[in-house]
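Chains, contacts and geometry: an overview
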Amino acid sequence: MVVSMPPPYPMAIANGNGQLSRRTEVKSYESPKLSIVEMWSHLLSQLKATTATLKQRYDERERIEKDVSARTDDWCINIFMDQYTRLESLTSELEMQLAITHSVGQSQNRDSSSLSTFTLTPWQMEERYRALIQLQSCLGSFFERASPAYDQSKTIWWFDPSYHQSDGLNYDRYGAPDVRESEARLLKALALGKETTPLKLLLTSSGVAAFTVLNQFLLSKVLNAGDTIVIAPYLYFECFEHLRQISHVRVVNSDTFDAENIIATAEKHNAKAIYLDPMANTLGLDTTDIRRFAQLLEGRQGWSDRYIVIDGTLISGGMAIYDWFDKPSHPKVLYYESAHKYIQMGMDIVMLGLIVYPEPFHETMGLIRQVTGTTLYSRQANVLPPIDYNIHQSRMHWLTTNAEKLYHLLDKKASTIAQFTFPTHWRKMGWGHGGNVVTIKLFGDEQMNKRPSLDAFTSLVLRAAEEEGVGMTKGGGLGFSVTRIWPSTPFIRNEDPYIRISVGVDPDEVEPVAAAIVKGLERHYRSLKPGLPQWKLRENGIIKTNGLLEAYR
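The name given to the protein chain in an unreviewed UniProt entry is Pyridoxal phosphate-dependent transferase, with Paraphoma chrysanthemicola as the source organism. According to the UniProt record, the Sequence similarities (unreviewed entry) comment for the protein chain reads "Belongs to the trans-sulfuration enzymes family."

Okay, structure coming up:
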């Protein structure tokens, strides 16, 4: 759903004579603000409905078994029914717990509520739903086959009755009914353009698999030997490795992430394809204003036959891209995400990617996904939470709000000893949110931002988090519900590693996470350079003269 709202900032577009003019109406997102417990309650209601559907499939399968006198194994049937009964019971239990949590949260006298001991924290809501959806996935795949039969004598070789006597090709690699249902639902949840715009979405086995499908499409249908691809200064390193292997196509980097520079570079080299990240996975979280990019190309000659590939991973579902690129002069847009991050509500169950593209490319894209083996199989798709637009935007709202708060806390308390980055300008670019990543660069000599130093700092932060009683993890990836810290290698221009913080979803954990990071910074500097960091910290008002942290006492 795209909602018309007054622009928070003036917008400029190119008019007929090449000058910039004001745009008074801008399509933007209205972030619905469901509470965290409301998000999980909605998802649980969908889980209940899916469980009921699975029981209906079982009942229909049982009926056909009787009709054809198929052989059955009660031992296996009893396992299925025990699992079904257990899932129903646990779902009702979690439903009650979420209702109590919501009720206590609405109460003005929370501490005195007799039900407060039965409430759940955000991480408990996620863990319990995560357990249920995996149980449900087991139930759904228990009798299913990867190559279901069409007909039978004595043996039922399918679980979903839609396979029985179907006209399609019953082979999981070609796409299963449940996967197609998830794809249609997710396309609506991302809201990348008006529903009147004919778009298709395919799920893939990872983000790199999603890139592989789009890149293969361009290589087979668009690019010829000697053609040029223009990319921004940074492209996700595994995707860039794809391009490095291509000998018959030239790859050129633009000098900056600015829309004007990328356009000029593409025109200079007559590029047929341009690869963009709205926000790059770099220390500076460098951004390209995609909406401005589209505005500058409106009415511009020579672009309608070009293709733009956009990696929306860090701004998942935050841009109405296909509304921005909706003029005949605009290039064709291919969109992808590494979707095991935000799309999974932080549960990190399976690797996942997605691609979105104009409907006329659907047959070719589906064939490429099939022959490259990059399909997401039904057993993986069945553990995806059935998010909708409201749930996805609400969760991204909470994550961005927490990340922006953490950035300001750190910048206020420790800006003399480290550089902190968050894209606070996300609203100016018409995004629905700003993601949940904050980066840290330590000040000091050339060794401060090498891997040994950053690993030591990370360990100190985690030990400080233990003292603060707040959950944190170390590891790659982002978009999870628990704050994660990682010494990230940028794979760009020989730059040093940097600390990437993927901020969690619980608002109550932002301040203790900030306290842990500040403690980690102070202790790291003290261990490496006694004296100097103490002076800098005192100058910033972070510690008292006895060395204790002042900011979070």
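After that view of the structure, there is still more to cover.
Relative orientation and spacing of two packed helices are given, respectively, by the angle between their axes and the distance between those axes. Helix α3 (residues 122-141) packs onto helix α1 (residues 36-67) with a crossing angle of 15 degrees between their chain directions and a minimal axis gap of 11 Å. Taken together, the axis directions place α1 and α3 in an arrangement best described as roughly parallel. The chirality of how α1 crosses α3 is left-handed. Between α1, through Ile-36, Val-37, Trp-40, Leu-43, Leu-44, Leu-47, Thr-50, Thr-51 and Leu-54, and α3, the contact on the second element is made entirely by Pro-122, Met-125, Glu-126, Tyr-129, Leu-132, Ile-133, Gln-136, Leu-139 and Gly-140. A per-class count over the contact of α1 with α3 returns 13 nonpolar, 4 polar and 1 charged.

Overall, the coordinates contain 24 salt bridges when judged by the stated rule. A salt bridge links Glu-65 to Arg-61; the shortest N-O distance between them is 2.9 Å. On the criterion of helical spacing, the pair formed by Glu-65 and Arg-61 is a turn pair, its members being 4 residues apart in helix α1. By relative accessible area, which is 9% here, Glu-65 ends up buried. A salt bridge links Glu-466 to Arg-463, with the shortest nitrogen-to-oxygen separation between them at 3.1 Å. Residue Glu-466 and its partner Arg-463 are both found in helix α13 (residues 451-468); the two are separated by 3 residues, about one turn of the helix. In this structure Glu-466 comes out as exposed when scored by relative accessible area, which is 54%. Overlapping salt bridges, with partners in common, bring together Glu-467, Glu-468, Lys-519 and Arg-523 in one network.

Taken together, Trp-75, Ile-79 and Phe-142 make up a surface patch of nonpolar side chains, about 320 Å² in accessible area. Mapped onto the secondary structure, Ile-79 falls in helix α2 (residues 74-106). Its relative accessible area of 35% is what places Ile-79 among the partly exposed residues.

Criteria and thresholds
- Residues numbered from 1 in each chain as written.
- Predicted model: local features only at pLDDT ≥ 70, side-chain atom pairs only at ≥ 80, totals over all residues.
- Heavy atoms only, no water.
- UniProt positions renumbered as here; feature names shortened; annotations may be inferred.
- Axes fitted to C-alpha atoms, helices over the stretch in contact; angles between N-to-C directions.
- Helix = DSSP H or I, 4+ residues; strand = E, 2+ residues; numbered from the N terminus.
- Parallel < 35°, antiparallel > 145°, perpendicular 65-115°, else oblique.
- Left-handed = near helix turned anticlockwise from the far one by under 90°.
- Contact = heavy atoms within 4.5 Å.
- Nonpolar A, V, L, I, M, F, W, Y, C, P; charged D, E, K, R; others polar.
- Salt bridge = Lys/Arg side-chain N within 4 Å of Asp/Glu carboxyl O.
- Buried < 20%, exposed > 50% of the residue type's maximum accessible area, 1.4 Å probe, protein only.
- Patch = residues over 30% accessible without salt bridge, like charges linked within 9 Å, V, L, I, M, F, W, Y side chains within 5 Å.
- Areas by Shrake-Rupley, 256 points an atom, 1.4 Å probe, with all protein chains shown as cover.

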